[in-house]
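One-letter residues, chain by chain:
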Amino acid sequence: MMKKKAAVLGSTGSVGTQVLDVCDRLGAEVVFIAAHSNIELLLSQINKFKPIYVAVTDISAAEKLENEIDGNTRLIKGYDAMCEAIGQTDCDIVFNAVSGKNGLLPTLSAVRSGKTLALANKESMVLAGPIVNAEVKKHNATILPVDSEHCAIFQCLKNGRKDEVKRILLTASGGPFFGYTYDMLENVSLEDTMKHPTWNMGKKITVDSATLANKGLEIIEAMHLFDVPFDKIKVLIHRQSIVHSMVEYNDNSVIAQLAVPDMRHPGQYALTYPDRCEGVISELDLTKYTLTFNEPDTDAFKMLSLAKECAKAGGIMPCVYNAANEAAVDMFLHEQIGFNDIYRVCEKVLSDTKYQPLYDIEQILEYDKVSRESAYSYKEKLTSK
Ligand code: NDP
Ligand code: MG
C-alpha cells in the first residue's frame, strides 16, 4: 500500500483510537488529530504519532495542552478553527469519528475541500444527507463509509449495477434486550443497557444499540450514502454480528460481507481503498458460529419504528429525531429518566414538530438546538409522574 497521510477527528474515542491503531499497524502517517477535551490521551497520541496538527475544541483544555507540547506539533484551538484547518490540511484521507451532531461541520469542511472522507459519524448523513451529497458532487469529494454495516453495503454494491439492486438488508445485533417486550424494557437498568453482546463502543451508541435507535439512524444514513429509497432497506436482527449487512439483487441473489466484529476492519478498508492488504483483524472461523436472522420487534423497540417514520418523512424530521435522542440518551446515562422514557421524550418532541423541507445548515443547527431543549424540558414531567 502507498503510504497515506491520514487525519483522525475524534482520535480519543472508541472509533478514533481503533483507527489510529490501524494507521499504526499499516504504517500510515497521521498528520492531524483532533478531540474535544481528553488532553491526557491526546498527549500520548502526539508523542506516538508526531502529527503536524492537533486540534482541541474545548478552549480551556486546549490552553492546558499548549504548555505540554513541543514546537513540532501545531495546536489548533476551538471547534471553528478545527473545521477550517481540516479543509486546508494536506492529507489523503480524513477520518471523521467525532460523536454526535458536532461531526457535521467537519464533514462539510472535508467534503468542500474535495477530500476523501472516511465517515464514521453517521449523524452527518442523518442530519444533512442531501446537502452533504450535493457538496460531494460539487467538489468532487469521496465518502467511504466506516460504520460497519455501511462499509459492508459499500463492498456488496460492487457486485452489480445500481438498477439491479432489489433491497439492502441492514443487520442489527439486537442489543442486550433482544426478545424483551416493551413492558419488560420499562425497568431495565443502565448497567444492563451498557452490556452490548458483540461490540465494544462509545457510551451513547451503546445505548442506541439497546433501543435500536442506532439502526434507525443507520437506515437514514444508508438512504443518503447509497441513494436508495426508504422502502428498499430492510432491517434484520442477526445476533452474532458476523454478517455486517447484505445486498439483494433483482435475481434474488444476496451478497453479504462477513468478518469478526471489529471496527478496525472498516477503518482498514477505508484506509487501503481501493486496495486490500493483510488484515489487522483476526481470521473468521465460521465453524465457531451458528448464524441466525430474525425480524426486529418494532412493538417493543419503538425507537426503530419512530426512526422509520422520520426516514419516510425526510426533511427536518431525522434531525429532530437525532437531537431528541441525543438529549434523551444523555438524561438516561445520567439516570434521570428510564429506558422507555427515551422513546417517550423523542415521540413527544417529534409530535410537537411541524415538518419542514431541508433548506440549509443553519436551519438544521437551529432545529437541532430547539429539539434538544424541548427534549430536556420533559425531564421534570417524566420524573414527577
Ligand atoms: P466516543 O464518544 O467514544 O468518541 C467521540 C470522539 O469525538 C472523542 O474523541 C471526542 O473527544 C470527540 N469529540 C466530541 N465532541 C467533539 C467536538 N465538538 N469536536 C471534536 N471532537 C469531538 O464515540 P464513538 O467513537 O463511539 O463514535 C464516534 C462516531 O462514530 C459516532 O458518530 C458514532 O455513531 C459512530 N460509530 C461508532 C461506532 C463504534 O463502534 N463506537 C460504530 C459505528 C459508528 P473527547 O474524548 O476529548 O471528548
Ligand atoms: Mg453500525
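No experiment lies behind these values; they were computed from the predicted model shown. (Residues numbered from 1 in each chain as written. Chains lettered and ligands numbered in written order. Predicted model: local features only at pLDDT ≥ 70, side-chain atom pairs only at ≥ 80, totals over all residues. Heavy atoms only, no water.)

Student: Just to check I follow, could you spell out the layout of surface pockets for this structure?
Tutor: Space left empty within the atom packing is revealed by a probe, the size of a water molecule, rolled over the atoms. Its volume calculated, the second largest pocket comes out at about 280 Å³. Taken together, Met125, Asn133, Val136, Ala141, Thr142, Ile143, Phe154, Leu225 and Phe226 make up the full set of residues lining the second largest pocket. Secondary-structure elements contributing two or more residues to the lining of the second largest pocket are helix H6 (123-139), strand E7 (142-145) and helix H11 (213-226). If one sorts the elements of the lining of the second largest pocket by residue count, H6 sits on top with three residues. The residue inventory of the lining of the second largest pocket, partitioned by class, reads seven nonpolar, two polar and no charged. (1 Å grid on protein atoms, 1.4 Å probe; cavity = no way out; pocket = protein on both sides within 12 Å on 5 of 7 lines; lining within 4 Å. Points joined across faces, edges and corners; volume = space filled by probe spheres on them. Helix = DSSP H or I, 4+ residues; strand = E, 2+ residues; numbered from the N terminus. Nonpolar A, V, L, I, M, F, W, Y, C, P; charged D, E, K, R; others polar.)

Student: When you look at the site of ligand 1 in this model, what are you seeing that I'm missing?
Tutor: Near ligand 1, the surroundings consist of 26 residues, among which Thr12, Ser14, Ser37, Asn38 and Glu123 are the closest. One nitrogen or oxygen atom from the main chain of Gly13 is found 3.0 Å from an oxygen atom belonging to ligand 1. One of the backbone N or O atoms of Ala120 is found 3.4 Å from an oxygen atom in ligand 1. In isolation ligand 1 has 900 Å² of accessible area, and contact with the protein removes 85% of it. At the level of secondary structure, the elements contributing two or more residues to the shell around ligand 1 comprise helix H1 (14-26) and helix H4 (79-88). (Near = heavy atom within 4 Å. Polar contact = N/O pair within 3.5 Å; in protein donor to acceptor, adjacent residues only side chain to side chain. Areas by Shrake-Rupley, 256 points an atom, 1.4 Å probe, with all protein chains shown as cover.)

Student: Help me out: how do you make sense of the coordination of the magnesium ion (ligand 2) in this one?
Tutor: Reference values for angles at a metal are 109.5 degrees in the four-donor tetrahedral case and 90 or 180 degrees in the six-donor octahedral case. On the protein side, the magnesium ion (ligand 2) has Asp147 (OD), Glu149 (OE) and Glu218 (OE) as donor atoms, found 2.0 to 2.2 Å from it. Judged by its relative accessible area of 7%, Asp147 is buried. For Glu149, a relative accessible area of 8% gives the class buried. (Donors = N, O, S within 2.8 Å, 3.2 Å for Na, K, Ca; no water. Buried < 20%, exposed > 50% of the residue type's maximum accessible area, 1.4 Å probe, protein only.)

Student: What should I look at first to understand the sheet that holds strand E4 (residues 74-77) in this one?
Tutor: Paired through their backbone hydrogen bonds, the strands of a sheet run either parallel or antiparallel. Across the sheet, seven strands lie side by side as E4-E3-E2-E1-E5-E6-E7; this open sheet has parallel pairing. Each edge of the open sheet is held by one strand with a lone partner, namely E4 and E7. Averaged over neighbouring strand pairs, the angle between their axes works out to 20 degrees when direction is ignored. Against the sheet, helix H5 (residues 104-112) makes contact with strand E1 (5-9), strand E5 (93-96) and strand E6 (116-119), and its axis sits at roughly 155 degrees relative to E6, the strand it touches most. (Pairing = 2+ DSSP bridges. Axes fitted to C-alpha atoms, helices over the stretch in contact; angles between N-to-C directions. Contact = heavy atoms within 4.5 Å.)

Student: So what exactly am I meant to see when it comes to helix H10 (residues 203-211) here?
Tutor: Each α-helix winds once per 3.6 residues, and so residues spaced three or four apart point in a common direction. Residues of H10 that are buried include every one of Thr206, Val207, Asp208, Ser209, Ala210 and Thr211, and no others. Turning to H10, the residues buried within the fold contact helix H9 (190-193), H11, helix H13 (302-313), helix H14 (317-333) and helix H15 (339-351). Leu212 lies just past H10 and shows a positive phi near 70 degrees.

Student: Would you mind going over the packing of aromatic side chains with me for this structure?
Tutor: Aromatic ring pairs are reported here in terms of the distance separating the ring centres and the angle at which the planes meet. If you walk through the whole model with that rule in mind, you get eight aromatic pairs. When the ring of Phe177 is compared with that of Phe339, the centres are 5.3 Å apart and the planes differ by 85 degrees; the resulting orientation is edge-to-face. In this pair, Phe177 is assigned in the loop between strand E8 (165-172) and helix H8 (182-185) and Phe339 in helix H15, connecting sequence segments 162 residues apart. Phe339 matches Phe177 in its accessibility class, with the two residues each being buried. (Phe/Tyr/Trp six-rings, centres within 6.5 Å; stacked < 30°, edge-to-face > 60°.)

Student: Help me understand the sheet that holds strand E9 (residues 233-237) in this model?
Tutor: Across the sheet, which stays open at both edges, the four strands sit in the order E9-E8-E10-E11 with mixed pairing between neighbours. The open sheet is flanked by E9 and strand E11 (254-258), the only strands paired with a single partner. Along the sheet, successive strands turn relative to each other by an average axial angle of 20 degrees, direction set aside. Pairing between E8 and E9: five bridges, direction parallel. Bridge pairing links Ala172 to Ile237 in E9. Here H11 sits on the sheet in contact with E8 and E9, set at roughly 145 degrees to E8.

Student: Looking at this structure, how should I read empty space enclosed by the protein?
Tutor: Using the criterion set out here, one finds two cavities of 30 Å³ or more in the structure. For the largest cavity, the calculated volume is near 70 Å³. In this structure, the largest cavity is lined by Tyr182, Leu185, Ala210, Thr211, Ala300, Phe301, Lys302, Met303, Phe339, Asn340, Ile342 and Tyr343. Only H8, H10, H13 and H15 provide two or more residues apiece to the lining of the largest cavity. Per-class residue counts for the lining of the largest cavity are nine nonpolar, two polar and one charged. In this structure, the second largest cavity occupies an estimated 50 Å³ of space. Ser148, Cys151, Ala152, Gln155, Trp199, His244, Gln257, Ala259, Val260, Asp262, His265 and Pro266 are the residues that line the second largest cavity.

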